[in-house]
Amino acid sequence: MRVAMIGSGYVGLVSGACFADFGHTVICVDKDASKIDALMQGQIPIYEPGLDVLVNGNRFAGRLTFTTDLTSAVADADAVFIAVGTPTRRGDGHADLSYVYAAAEEIAAAITGYTVVVTKSTVPVGTADEVEAIIRRVAPDADFSVASNPEFLREGAAIDDFKRPDRVVVGAEDERAREVMRQLYRPLNLNETPILFTNRRTAELTKYAANAFLAMKITFINEMADICEKTGANVQDVARGIGLDRRIGSKFLHAGPGYGGSCFPKDTLALVRTAQQYQSPTRIIEAVVEVNSERKRHMVDKIERACNGSVKGKTVSVLGLTFKPETDDMRDAPSLDIVPALIERGATVRAHDPQGMKEAKHLLPDSVVYCDTPYEAALNSDAVVIITEWNEYRALDLARLAKSLRGAIMVDLRNIYDMAEVERAGFSYTGIGR
Ligand SMILES: NC(=O)c1ccc[n+]([C@@H]2O[C@H](COP(=O)([O-])OP(=O)(O)OC[C@H]3O[C@@H](n4cnc5c(N)ncnc54)[C@H](O)[C@@H]3O)[C@@H](O)[C@H]2O)c1
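Everything numeric here is computed off the predicted structure, so don't read it as measured data.

Visitor: Any details on the side chain of serine 317? Residues and values, ideally.
Guide: Along the polypeptide, serine 317 turns up in strand 9 (residues 315-319). Residue classification places serine 317 among the buried positions, given a relative accessible area of 0%. Not counting residues up to four positions away in its chain, the partners in contact with serine 317 are Arg350, Ala377, Ala378, Ser381, Ala383, Val384 and Val385.

Visitor: Summarise the packing of aromatic side chains; cite the residues concerned and give the values.
Guide: Describing an aromatic ring pair means giving the distance of the ring centres and the angle of the ring planes. Throughout the structure, instances matching the rule amount to eight aromatic pairs. Judged by centre distance (6.2 Å) and plane angle (45°), the rings of phenylalanine 252 and phenylalanine 264 are tilted. Of this pair, phenylalanine 252 sits in the loop between helix 10 (235-243) and helix 11 (264-277) while phenylalanine 264 sits in helix 11; the two residues are twelve residues apart in sequence, bridging distant segments of the chain. Judged by its relative accessible area of 28%, phenylalanine 252 falls in the partly exposed class. A residue is classified by how much of its surface remains accessible, and phenylalanine 264, at 12% relative accessible area, is buried.

Visitor: Explain the environment of serine 262 residue by residue, including any values.
Guide: Take serine 262: it is sitting in the loop between helix 10 and helix 11. Here serine 262 falls in the buried class, since its relative accessible area comes to 12%. Residues serine 262 and glycine 126, spaced 136 residues apart in sequence, show a C-alpha to C-alpha distance of 22 Å. Apart from the residues within four sequence positions on either side, serine 262 is in contact with Glu155, Phe323, Asp329 and Arg331. Of the polar contacts made by the side chain of serine 262, one reaches the side chain of glutamate 155; its length is 3.4 Å.

Visitor: Hey, could you go over the pairing of strand 8 (residues 195-198) for me, with residue numbers and the actual values?
Guide: Relative to strand 8, strand 7 (residues 168-171) is paired through four bridges, and the arrangement is parallel. Opposite valine 168, over in strand 8, you have isoleucine 195 as the bridge partner. Note that the unit made of strand 7, helix 8 (residues 175-185) and strand 8 has a crossover that is right-handed.

Visitor: Got a sec to walk through the site of the ligand? Specific residues and values, please.
Guide: Residues in contact with the ligand amount to 23 residues; listed here are only the nearest, Asp30, Lys35, Thr86, Glu155 and Lys266. Tyrosine 10 is positioned with one of its backbone polar atoms (N or O) 3.1 Å from an oxygen atom of the ligand. Within the side chain of lysine 35, a nitrogen or oxygen atom sits 2.6 Å from an oxygen atom of the ligand. For the ligand, whose free accessible area comes to 840 Å², the fraction covered by protein is 90%. Here the residues of the shell around the ligand sort into seven nonpolar, seven polar and nine charged.

Visitor: Which residues make up the packing of helix 12 (residues 283-306) against helix 13 (residues 335-344), and what are the values?
Guide: Relative placement of two packed helices is described by the angle separating their axes and the distance separating the axes. Two elements in contact, helix 12 and helix 13, have axes whose closest approach is 9 Å; the angle formed by their N-to-C orientations is 45°. The orientation of helix 12 relative to helix 13 falls into the category oblique. Helix-helix and strand crossings are classified by hand; for helix 12 and helix 13 the assignment is right-handed. Taking contact as the criterion, the partners of Lys296, Met299, Val300 and Ile303 in helix 12 are, on helix 13, Asp337, Ile338, Ala341 and Leu342. Residues that form the contact of helix 12 with helix 13 fall into these classes: six nonpolar, no polar and two charged.

Visitor: Can you lay out the pattern of salt bridges for me, pointing to particular residues and giving the numbers?
Guide: In the structure shown here, the tally under the stated rule is 24 salt bridges. Note that arginine 201 is salt-bridged to aspartate 129, the shortest N-O span being 3.0 Å. Taken together, the residues arginine 201 in helix 9 (residues 200-231) and aspartate 129 in helix 6 (residues 127-138) connect sequence positions 72 residues apart. Given the relative accessible area of 27%, aspartate 129 is considered partly exposed. Here arginine 406 ties to aspartate 382 by a salt bridge, and the two come within 3.0 Å at their closest N and O atoms. Separated by 24 residues along the polypeptide, arginine 406 in the loop between helix 16 (398-404) and strand 13 (409-412) and aspartate 382 in the loop between helix 15 (374-378) and strand 12 (383-386) bring together distant segments of the chain.

Visitor: Lay out the nonpolar core in plain terms, naming residues and giving numbers.
Guide: Judged by nonpolar contacts, the single largest core of 40 residues is most densely connected at Phe19, Leu51, Phe81 and Leu184. With seven residues, the single largest contributor to this core is helix 1 (residues 10-21). Those residues in contact with leucine 51, other than ones at most four positions away along the chain, are Leu13, Val14, Ala17, Ile44, Ile46 and Ile159. Within the second largest apolar cluster, 37 residues are counted, among which are Leu253, Ala306, Val385 and Ile432.

Visitor: Explain the packing of helix 6 against helix 9 to me, and be specific about the residues and the numbers.
Guide: Two numbers describe how helix 6 lies on helix 9: the axes approach to 8 Å, and their chain directions differ by 130°. Judged on the interaxial angle alone, helix 9 and helix 6 are oblique. The segment helix 6 lies against helix 9, with Thr127, Ala128, Asp129 and Glu132 engaging Arg200, Arg201 and Glu204. In the contact of helix 6 with helix 9, the residues fall into one nonpolar, one polar and five charged.

Visitor: How would you sum up the pairing of strand 13? Please name residues and give values.
Guide: Residues of strand 13 alternate between two faces, with Ile409 and Val411 on one and Met410 and Asp412 on the opposite face, all of them buried. Sheet analysis places strand 12 next to strand 13, joined by four bridges and oriented parallel. Within the sheet, the bridge partner assigned to valine 385 lies in strand 13 and is valine 411. This β-α-β element, strand 12 to helix 16 to strand 13, shows right-handed connectivity.

Definitions and cut-offs
Residues numbered from 1 in each chain as written. Predicted model: local features only at pLDDT ≥ 70, side-chain atom pairs only at ≥ 80, totals over all residues. Heavy atoms only, no water. Helix = DSSP H or I, 4+ residues; strand = E, 2+ residues; numbered from the N terminus. Buried < 20%, exposed > 50% of the residue type's maximum accessible area, 1.4 Å probe, protein only. Contact = heavy atoms within 4.5 Å. Phe/Tyr/Trp six-rings, centres within 6.5 Å; stacked < 30°, edge-to-face > 60°. Polar contact = N/O pair within 3.5 Å; in protein donor to acceptor, adjacent residues only side chain to side chain. Pairing = 2+ DSSP bridges. Right-handed = clockwise from strand over helix to strand, strands pointing away. Near = heavy atom within 4 Å. Areas by Shrake-Rupley, 256 points an atom, 1.4 Å probe, with all protein chains shown as cover. Nonpolar A, V, L, I, M, F, W, Y, C, P; charged D, E, K, R; others polar. Axes fitted to C-alpha atoms, helices over the stretch in contact; angles between N-to-C directions. Parallel < 35°, antiparallel > 145°, perpendicular 65-115°, else oblique. Left-handed = near helix turned anticlockwise from the far one by under 90°. Salt bridge = Lys/Arg side-chain N within 4 Å of Asp/Glu carboxyl O. Core = buried A, V, L, I, M, F, W, Y, C linked by side-chain atoms within 4.5 Å.

Structure (structure tokens):
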């Protein structure tokens with residue numbers, strides 16, 4: 001199969017490289033010429049474990065190429081994936097589909113021969129219908145189908161998720177499209193991955209339902225953590241106690257500072273808006289959205305309480321800026337709420353992140369001092385706050401950390417430390433829900 005991937009960001013690049021690794025011939029397109037230039041030289045524009053080896057291996061094998069020229073890429077393709085961004089539309093919270101529709105127009109003008117156009121971007125119900133209408137309008141004689149194939153990969157584990165997914169969901173309205181999609185994912189037969197064929201609207205909604213459910217699970221345990229703090233219960237034990245029940249499952253039951261990232265915040269909000277638009281409001285997800293955004297502000301209050309009621313005039317060292325470990329993605333990271341609020345309340349912030357500092361510099365106030373190591377960040381600080389659970393923060397030398405710090409206060413928003421151990425090292429410790 002010849003595949004054109006429109007959009008070479010987190011999803012397009014990972015999906016393109018994995019399809020190439022399956023043996024297909026893939027061309028990744030992006031309108032950002034600097035991204036394509038870098039990729040053609042073997043440089044990976046994002047941090048994702050294993051992606052450099054995968055991309056360059058397939059590039060050298062001749063199965064994976066890059067271009068800014070959408071027209072030639074689409075002309076030769078059996079399947080064209082749309083993997084462009086669908087951020088929150090400013091003002092109303094709906095998904096902004098302008099990139100998807102612009103890509104559809106360009107694709108329409110370039111189609112030759114039977115082509116399946118596949119929306120891989122996360123898009124609201126009915127978008128594939130609109131993509132089909134756009135292509136039909138621009139190229140009335142084109143021979144094509146439109147399918148929906150939402151992507152469920154997680155940043156940080158993206159390659160494994162793509163190659164060994166729990167399931168693949170394909171929404172298609174005709175057998176020709178289903179057959180092309182079957183061929184594309186045939187290599188997954190080896191590990192018996194379920195491929196769920198549905199209609200397009202079902203596939204589109206399934207993606208939002210999955211993200212909303214996971215966001216709800218996180219928000220649920222976060223609220224349980226608040227009750228634990230008031231009642232003397234321990235949220236980690238509660239999570240284990242319910243998670244062992246197979247009807248519930250233990251994943252996504254880690255209490256923390258509230259979910260962030262490039263997907264959950266925008267997708268929960270977009271689902272709320274779609275539901276309202278169809279006069280079928282989803283009050284549960286409305287509450288999830290509201291509770292989660294309040295939570296990030298509450299985290300700042302929590303840090304202030306740990307610092308004897310105020311951070312004014314104090315230095316706070318922040319460990320972890322990305323929305324989760326093993327990515328450099330800063331989109332909607334909790335740190336983007338917490339760090340500016342600390343500074344507004346009078347703190348000086350010294351920060352460290354293994355991969356996110358380059359991006360953070362564009363997004364956080366200029367006064368943040370970026371440090372090369374967690375110990376340097378802790379230097380002369382009054383408190384250390386762990387926002388992201390990078391592995392390298394899990395086994396810090398607590399004695400060394402205590403020596404760097406001016407005050408021995410640790411606020412662990414990811415519960416990665418054992419309270420007794422930290423307190424033995426001389427810290428006053430605040431976790432979540434314990
Ligand atoms: N990041 C994730 O973990 C993840 C997981 C599952 C689904 N998704 C969904 O996948 C989609 C893409 O997300 P992402 O994180 O990869 O976004 P991204 O911003 O990293 O990448 C999008 C890319 O598309 C390019 N682009 C936009 N319009 C283009 C056009 N007309 N022609 C060529 N290139 C164009 C941009 O330059 C950019 O490089 C979104 O809908 C997102 O919700 C993301």
